[in-house]
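# Examining the three-dimensional arrangement
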Amino acid sequence: MGISHYIKEIGRGKDGARSLTRAQATDLLGQVLDGAVTDLEVGGFCLAMRIKGETPEEMAGFLDAAHGRLHKLPDAGHPTVVLPSYNGARKLPVLTPLLALLLARRGAAVLVHGTATEDKRVSSASVFAALGIEPAHSAPALRAGEVAFVPTEVLSPDLKRLLDVRRAVGLRNPAHSLVKLMNPCAGRAFIVGSYTHPEYASSMAATWALTGAHALLLRGTEGEPVADARRTPRMEVFRDGERTEVQAQQDGPLAKLPALPDVDALNTAAYIRAVLDGTEPVPTPIALQVEHILRELQHHESATHALAI
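Below is a short write-up of the structure. Source: prediction; values computed, not measured.

## Notes on the overall build of the protein chain
Each helix and strand in the protein chain was counted, giving 14 helices and 7 strands. Computed over its C-alpha atoms, the radius of gyration of the protein chain comes to 19 Å, within 12% of the 19 Å expected for a compact globule of 309 residues. Dimensions of the protein chain, computed from C-alpha atoms along their principal axes, come out at roughly 60 × 50 × 40 Å. Within the span of the protein chain, comprising 309 residues, buried residues form 53% of the whole. When the accessible surface of the protein chain is totalled, it reaches about 13700 Å², and 51% of it is carbon and sulfur. Between the centroid of the 32 positive side chains of the protein chain and the centroid of its 34 negative side chains there is a distance of 3 Å.

## Some remarks on the environment of Arg295
Relative to the helices and strands, Arg295 is located in helix H14 (residues 284-308). Residues Arg295 and Ala186, spaced 109 residues apart in sequence, show a C-alpha to C-alpha distance of 22 Å. At a separation of 3.1 Å, a polar atom in the side chain of Arg295 contacts the side chain of His292.

## Quick look at helix H4 (residues 39-52)
A rise of 1.5 Å per residue sets the reference length of H4, with its 14 residues, at 20 Å; its end C-alpha atoms lie 20 Å apart and thus fit the reference within 8%. Every buried residue of H4 is listed here: Glu41, Val42, Gly43, Phe45, Cys46, Ala48, Met49 and Lys52. Elements in contact with the buried residues of H4: helix H1 (4-10), helix H3 (22-33), helix H5 (56-67), helix H9 (157-163), helix H10 (165-169) and helix H11 (174-181).

## Describing the packing of aromatic side chains
Counted by the stated rule, this structure contains 3 aromatic pairs. With 5.8 Å between their ring centres and 35° between their planes, Phe128 and Phe149 make a pair best called tilted. Separated by 21 residues along the polypeptide, Phe128 in helix H7 (residues 124-130) and Phe149 in strand S3 (residues 147-151) bring together distant segments of the chain. Take Phe149: its relative accessible area is 5%, and that puts it in the buried class. Measuring from centroid to centroid gives 5.6 Å for Trp208 and Phe238, while their planes differ by 55°, and the two rings are tilted. Residue Trp208 is located in helix H12 (residues 198-211), and its partner Phe238 is located in strand S6 (residues 235-239); the two are separated by 30 residues in the primary sequence. Using a relative accessible area of 1% as the deciding quantity, one classes Trp208 as buried. Residue class for Phe238 comes out buried when judged on its relative accessible area of 1%.

The rules behind these values
Residues numbered from 1 in each chain as written. Predicted model: local features only at pLDDT ≥ 70, side-chain atom pairs only at ≥ 80, totals over all residues. Heavy atoms only, no water. Helix = DSSP H or I, 4+ residues; strand = E, 2+ residues; numbered from the N terminus. Rg over C-alpha atoms; globule rule 2.2 N^0.38 Å. Buried < 20%, exposed > 50% of the residue type's maximum accessible area, 1.4 Å probe, protein only. Areas by Shrake-Rupley, 256 points an atom, 1.4 Å probe, with all protein chains shown as cover. Lys, Arg positive; Asp, Glu negative; His and termini not counted. Charge placed at Lys NZ, Arg CZ, Asp CG, Glu CD. Polar contact = N/O pair within 3.5 Å; in protein donor to acceptor, adjacent residues only side chain to side chain. Expected span 1.5 Å × (residues − 1). Contact = heavy atoms within 4.5 Å. Phe/Tyr/Trp six-rings, centres within 6.5 Å; stacked < 30°, edge-to-face > 60°.

Structure below.
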């Protein structure tokens, strides 16, 4: 059928563009992910949406399309913490692997998924490799206390190709927001989402409220889903369409700043090992984030138990 009629609606410029319904957005992205449209149409879609911006209904539809095509992690009978890692490190070390390993040490099953979207940044994948944790080649069934790094192309090669359009046109597209919102698990999941600009906080919050996701939202470190080790950000939890602040934003930096490593993967991995063995303290903002996530996992378990009774 093609998507030219959708591009006509969304491509009329910032003021003239019309938004799609959730069903239309699902159909549009479904065709893109299925490879049923031309490269020119894909480029038109990406540029039009970049100019217009996604509504919550459109993003919910894009999520519906992606969720229906993902190679999901099997349901292991317990909730999985999902950490989307796509931004990487430029000025500060990427400590998403530290967050994942701290959570696993406390008994959580943790999925980190991602791909490098900018060549000049240090990725979580490179830090995991320096820690001896290799990427998964299929969607694993995670047990409690386990961590896996799963590249985006394992979950969806088509979604990875859409992310890679940025390398050709130089601009982000809806896939870059979608991967931070999606649930790659067949079972229950708690998604940790991050943003860099306030407008994305609003759009992510509206999408999660619409879709009823169980998630935590914060302004992460350079867009990564881990709290800035130097100051505590505001953290909000989304549960069944309700939004609750669980951590107030700290004004200014910590009284005592942590001794952070250089940005490269080897030094970041060495620092993570030092934190895990107790040689270096866990940065306070990350320690607080761990506790909030674990508290939400307990709510998952309590809700499931209540339903079983």
